[in-house]
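Letter by letter, the chains look like this.
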Amino acid sequence: VQLVESGGGLVQPGGSLRLSCAASGFTFSRYAMSWYRQAPGKERELVASITSAGGSTDYADSMKGRFTISRDNAKNTVYLQMNSLKPEDTAVYYCNAHRVYAGIQYDYWGQGTQVTVSS
């Protein structure tokens, strides 16, 4: 199982980035996908989630209207479009795959990609 994030980097406040997470080794279309982030000295927090078929999304309050999660099940990839970035968005962003099946919870994580918002 692999989740490989990409697209992070340094961006100025007000700028945009698009993160990608390429999945392999499991049936991607059966898993809900999420983006989490962790800033230095802080706990990991949920950024956004999308259901397995992509029909429903959810966002943390501070990201609503600025971030958009989407997925392409044909490409086994989930995306996070981040607009109007703020310095407080600086963090390592992680991709997560989640499924509960037959009473068993399955969770997979990527290695993370650094996003730094600074002038």
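Before going into details, it helps to say that this report is about the structure given with it.

So, how was this worked out
- Residues numbered from 1 in each chain as written.
- Predicted model: local features only at pLDDT ≥ 70, side-chain atom pairs only at ≥ 80, totals over all residues.
- Heavy atoms only, no water.
- Buried < 20%, exposed > 50% of the residue type's maximum accessible area, 1.4 Å probe, protein only.
- Helix = DSSP H or I, 4+ residues; strand = E, 2+ residues; numbered from the N terminus.
- Pairing = 2+ DSSP bridges.
- Core = buried A, V, L, I, M, F, W, Y, C linked by side-chain atoms within 4.5 Å.
- Contact = heavy atoms within 4.5 Å.
- Phe/Tyr/Trp six-rings, centres within 6.5 Å; stacked < 30°, edge-to-face > 60°.
- Lys NZ or Arg CZ within 6 Å of the ring centre and 35° of its normal.

**Overview of the pairing of strand 11 (residues 113–117)**
Reasoning step 1: Alternating positions in strand 11 separate cleanly, Thr113, Val115 and Val117 being buried on one face and Gln114 and Thr116 remaining unburied on the opposite face.
Reasoning step 2: Sheet topology places strand 9 (residues 91–101) next to strand 11; 3 bridges connect them, and they run antiparallel. Along strand 11, the bridge assignment pairs Val92 with Gln114.

**Remarks on the pairing of strand 7 (residues 67–72)**
Reasoning step 1: Side chains Phe67, Ile69 and Arg71 of strand 7 all project onto a buried face; the interleaved residues Thr68, Ser70 and Asp72 project onto a face where none is buried.
Reasoning step 2: Bridge analysis of strand 7 against strand 8 (residues 77–82) gives 6 bridges, and the strand direction is antiparallel. Among the inter-strand pairings, Ser70 is bridged to a residue of strand 8, identified as Tyr79.
Reasoning step 3: The hairpin turn running from strand 7 into strand 8, its antiparallel successor, is 4 residues long, and Asn76 in that turn takes a positive phi close to 55°.

**Some remarks on the nonpolar core**
Taken as a class, soluble globular proteins show a tendency for nonpolar side chains to be buried jointly.
Reasoning step 1: In terms of nonpolar packing, the biggest core is built from 29 residues, with Met33, Trp35, Val78, Leu80, Met82 and Tyr93 touching the most fellow members.
Reasoning step 2: Mapped by element, the contributors of at least two residues to this core are strand 3 (17–24), strand 4 (32–38), strand 5 (45–50), strand 7, strand 8, strand 9 and strand 11.

**What about the environment of Thr68?**
Reasoning step 1: You can see Thr68 is positioned in strand 7.
Reasoning step 2: Assessed through its relative accessible area of 41%, Thr68 is described here as partly exposed.
Reasoning step 3: C-alpha separation for the pair Thr68 and Asn83, spaced 15 residues apart in sequence, amounts to 8.5 Å.
Reasoning step 4: Beyond its immediate stretch of four places on either side in the chain, Thr68 contacts Tyr59, Tyr79, Leu80 and Gln81.

**As for the packing of aromatic side chains**
Reasoning step 1: Tallying each qualifying case throughout the model produces 5 aromatic pairs.
Reasoning step 2: Between Phe26 and Tyr31, the ring centres sit 4.8 Å apart and the planes meet at 70°, which makes this aromatic pair edge-to-face. For the pair Phe26 and Tyr31, one class covers both residues: buried.
Reasoning step 3: An aromatic cluster is built from Phe26, Phe28, Tyr31 and Tyr108, whose rings are joined through pairwise contacts.
Reasoning step 4: Lying over the aromatic face of Tyr94, Arg44 brings its terminal NZ or CZ to 3.8 Å of the ring centre.

**Some words on the side chain of Arg66**
Reasoning step 1: In this structure, Arg66 sits in the loop between strand 6 (57–59) and strand 7.
Reasoning step 2: Relative accessible area serves as the criterion here: at 11%, Arg66 is assigned to the buried category.

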